[in-house]
Amino acid sequence: MNTQPNKKSAVTMPQKYTHIALAVSALCAMLPNPAFAADSAAAAPETAAAAPETTAAAQADPNAPLATVEISSHKTRSTVSMSSAEIQKIIPGVNPLKALETLPGVSFQTADPWGNNEQNLSLFVHGFNGQQLGYTMDGVPLGDQQYGNYNGLAPQRALTSENVRSVVLSTGAGELGTASTSNLGGAIETYSSDPLPERNVNIQQTVGSHSTSRTFIRYDTGNFGNGNSAYISGLHHEAYAWDFNGRQSDDQINVKFVHKSDAGKLTVFLDWSDKTEPNEDATLHAAGLVSPYTRPFLYPDFSAALAYLSSSGAPPTAVGSNFQNYYSDAQRTDKLAYIKYDAYLSDNLTWSNQYYFHHNDGVGVVAGPINQAGLPALFNVYFPGQDLKAVFGNSGYATRTTEYEINRDGVLSTVRGELGQHSLEAGLWLEHNRSDAYRRWYALDVNNPSSPYSRPSNPLITQYGSNIDNKVVQFHVQDEWKIRPDLALQAGFKSSLQFADGEFPVQELPAAIGSGSTGLPVGEIITKRWFLPQAGARWDLNANDQLFFNMQQNMRQFVTYGGGGNSPWSLATQQAFDLFKATAKPETSVVTELGLRDTRQLHWGPVTGFDGQVDLYHVNFANRQLAISSNPILTSFVGGTTILANVGSVKTNGIDLAGTVHFGRDISFYDAISYNKSKYDDNYTSGTTVVPTAGKTVPGTPTWMNKFVASATYANTEFQLTGDFVGKRYATYTNDLDIPSYFLLGLNIGGKLALLSGYLKNPRWNLNVTNLANHQGILQLSGISASASYSTYPIAPRMGFLTLKADI
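A short tour of the structure in this document, coming up.

Cut-offs used in this document
Residue positions within a chain follow its written sequence, with the count starting from 1. In keeping with the model being predicted, local features are shown solely for residues with a pLDDT of at least 70 and side-chain atom pairs are shown and tallied solely at 80 or more, while totals for entire chains, interfaces and linings include all residues. Note that the side-chain values use all heavy atoms of the structure and ignore hydrogens as well as water. By this definition, two strands are paired if DSSP reports at least two bridges between them. Helix and strand assignments come from DSSP, with helices taken as H or I runs of at least 4 residues and strands as E runs of at least 2, each series counted from the N terminus. Relative accessibility decides the category of a residue: with a 1.4 Å probe and only protein chains considered, values under 20% of the type maximum give buried, values over 50% give exposed, and everything between is partly exposed. We call two residues in contact when some of their heavy atoms are within 4.5 Å. Here a polar contact is recorded for every N or O atom pair within 3.5 Å, except that within protein the pair must consist of a potential hydrogen donor and a potential acceptor, and residues adjacent in sequence are included only if both atoms are side-chain atoms.

1. Some thoughts on the sheet that holds strand β9 (residues 186–192)
Strand order across the open sheet formed by six strands is β1-β2-β8-β9-β6-β7, with mixed pairing between neighbours. The sheet is open, and its two edges are formed by β1 (70–71) and β7 (140–141), each paired on a single side. Of the strand pairs in this sheet, strand β6 (residues 134–137) and β9 are connected by four bridges, and their pairing is parallel. Opposite G134, over in β9, you have A187 as the bridge partner.

Here it is in structure tokens:
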């Protein structure tokens with residue numbers, strides 16, 4: 001029944017490095033051997049064409065202290081960013097997305113301290129979930145960040161955290177030129193650092209709770225020969241889960257080469273990442289069901305796993321849907337590269353061209369009981385009348401995989417010019433993405449049990465296999481007109497076109513799908529929106545205050561993933577697909593922002609300065625899409641969503657207030673308060689039942705949030721106390737259940753290692769403590785249903801980490 005050859009098992013480490021090693025060898029062969037630099041890496045300046053603007057406060061006073069959050073003063077929309085130094089204070093190696101949890105309007109949760117776990121990552125910005133935002137790294141599109149990804153990769157897999165220069169959040173719909181088909185509610189741009197001007201070797205080692213070990217090494221060549229510079233870095237990261245015996249591992253290499261001349265700037269970037277992430281299931285909460293704090297897997301105690309099941313492979317009846325699996329993990333291998341040239345055609349004209357390539361080979365693995373969630377009916381389709389326990393290795397467990405492959409490349413071309421009082425920009429983005437997803441089932445042999453750290457082989461069932469060919473074309477043009485020195489108007493539009501064609505080389509058997517299906521759907525869907533406008537203004541009221549306004553429309557293209565999620569190629573029948581193609585509309589949003597930025601020096605006793613921003617926003621979100629299934633748990637196994645439909649609109653109103661009070665250069669207090677109200681406008685129908693969602697709050701979105709960062713420096717040691725309050729969140733579409741608020745504290749302390757300064761350059765240390773008060777409770781929602789039940793992940797306990805770093 002397996003008509004598609006099984007994907008290759010993971011290759012050995014030397015083979016994985018070959019493609020990077022060849023490029024690095026060629027690069028290093030060109031490098032001279034200059035003397036070691038005397039300046040520290042931390043003090044080295046960085047230059048990049050795409051660098052975000054500095055804060056207004058920094059422009060007003062070059063001696064002003066660095067802000068925890070930097071507020072752009074050159075945008076008509078709310079744009080805030082964090083620098084590398086502030087990101088690494090949270091915890092060295094942190095995911096750039098997790099760093100955003102400090103910013104106003106952002107709700108971010110995940111299971112591990114670094115934010116690396118992608119299965120249970122939750123992100124909301126102004127009522128939009130993470131899949132409704134746009135993501136880029138140095139301009140390269142990173143997709144919509146779905147866990148079963150089909151069009152990108154996570155920022156921490158694209159770029160090692162220690163090499164991040166900054167991360168920028170633009171609310172609204174992001175810049176017109178953002179290379180994304182999903183940025184309804186904003187864009188998150190991550191930028192890599194450029195090579196240092198002086199030769200340097202940076203070494204960092206982190207150790208801590210749950211056998212954590214993170215080793216980072218970066219070699220910078222310094223400037224060599226006619227504007228050339230480069231670096232290469234390597235990372236090895238290991239940490240165990242806090243509540244079960246699962247090991248998180250990550251190996252990564254980054255290479256960056258920059259050539260600067262009067263004619264332009266050439267940048268070449270290479271990334272290789274190999275990551276294994278243990279997963280556990282969310283806890284289901286429903287009436288009459290025992291809901292444990294966690295649902296850890298049983299690996300490596302195979303004896304306990306065998307004793308856990310009945311003779312037929314069923315988990316204990318008392319635990320219901322909260323049974324434990326033997327193991328679960330995500331394995332992801334990525335290769336990403338880009339080459340970019342910024343041509344300085346004249347003093348007033350720049351033409352940037354960038355080509356990128358991304359290959360992903362990944363697999364999600366779950367080894368679970370064979371007699372649960374409708375699996376016996378599925379397996380009997382393939383092995384009718386047989387002893388299923390014997391078929392799957394006599395352990396009572398079967399190993400399920402979803403095996404992914406992504407091959408995508410694209411081109412970004414942007415022209416920027418100055419003509420009198422006008423700043424003009426026009427750009428084009430082209431991408432071709434070929435993505436596969438194969439669902440397979442493997443035996444788990446009672447005499448030779450498998451491991452979560454290697455890929456299974458020899459599948460018993462290839463349930464389905466999808467291939468989707470997707471082409472994206474986006475064009476944008478905009479003009480910023482500086483009417484007078486204190487007033488600028490901006491207007492533009494973008495066009496978004498998608499040409500997607502899906503097929504199933506391995507069709508699921510109709511009896512396995514049910515719903516009267518003759519097979520999963522195939523076909524082409526073309527969506528075109530030629531005019532998505534944007535208009536904004538920026539007015540400097542005085543030397544300290546700036547008013548900004550922005551209004552923008554955007555569209556989220558249909559998801560192009562076969563076999564799961566909110567994708568038309570995941571529908572159960574061809575008839576449902578054809579109906580969707582004929583009647584469904586892409587999700588759209590119109591976002592309006594009005595805000596005030598303020599930065600000023602003060603002479604109020606100990607208070608010496610303030611910088612901050614207030615941002616009011618209103619969102620009309622139309623054509624919301626919802627996958628409607630009578631049994632979401634069963635659908636996740638057998639494939640085929642019953643219905644995918646537009647179910648109405650959402651109205652959002654909110655306000656963000658964020659600011660930093662400075663007490664001289666050594667003490668500051670940053671605080672961000674956010675209010676958000678996102679409500680459904682319409683009910684929807686599930687079968688013949690009307691689900692009363694009109695007027696209900698979007699689940700998972702807190703109404704109130706408050707974050708603070710208190711910083712103080714004393715005797716070359718910096719102390720930072722952070723606080724994160726997330727208010728009550730509704731847990732169902734009908735708001736009949738909710739989860740309580742939480743407040744978490746974190747402590748970060750760092751300083752110089754003076755005793756080693758005679759032997760090493762700039763030796764430093766950092767101590768990070770997460771969940772300082774060791775608070776317990778619900779951290780985030782997972783699965784959301786109409787009513788009566790919901791799934792959650794818990795708050796991790798207090799953890800501590802020590803990092804030592806130095807340059808040589």
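2. A short note on the side chain of S668
Relative to the elements of secondary structure, S668 occurs in strand β29 (residues 667–680). Taking the relative accessible area as the measure of exposure, S668 reaches 12% and is therefore buried. Residues contacting S668, with those up to four places away along its chain left out, are T660, V661, H662, F663, V709, A710 and S711.

3. Things to note about the side chain of Q613
Its place among the elements puts Q613 in strand β25 (residues 607–622). A relative accessible area of 9% means that Q613 is categorised as buried. Reaching out from Q613, the side chain makes a polar contact with the side chain of S78 at a distance of 2.8 Å. In this structure the side chain of Q613 is engaged in a polar contact, spanning 3.2 Å, whose partner is the side chain of R597.

4. Considerations on the pairing of β29
Pairing of strand β28 (residues 650–663) with β29, which is carried by 14 bridges, proceeds in the antiparallel orientation. Its bridge partner being in β29, F663 is matched across the sheet by I667. Where β29 meets strand β32 (residues 704–714), nine bridges bridge the pair, whose relative direction is antiparallel. Residue Y670 lies in a different strand from β32, and its bridge partner there is V709.

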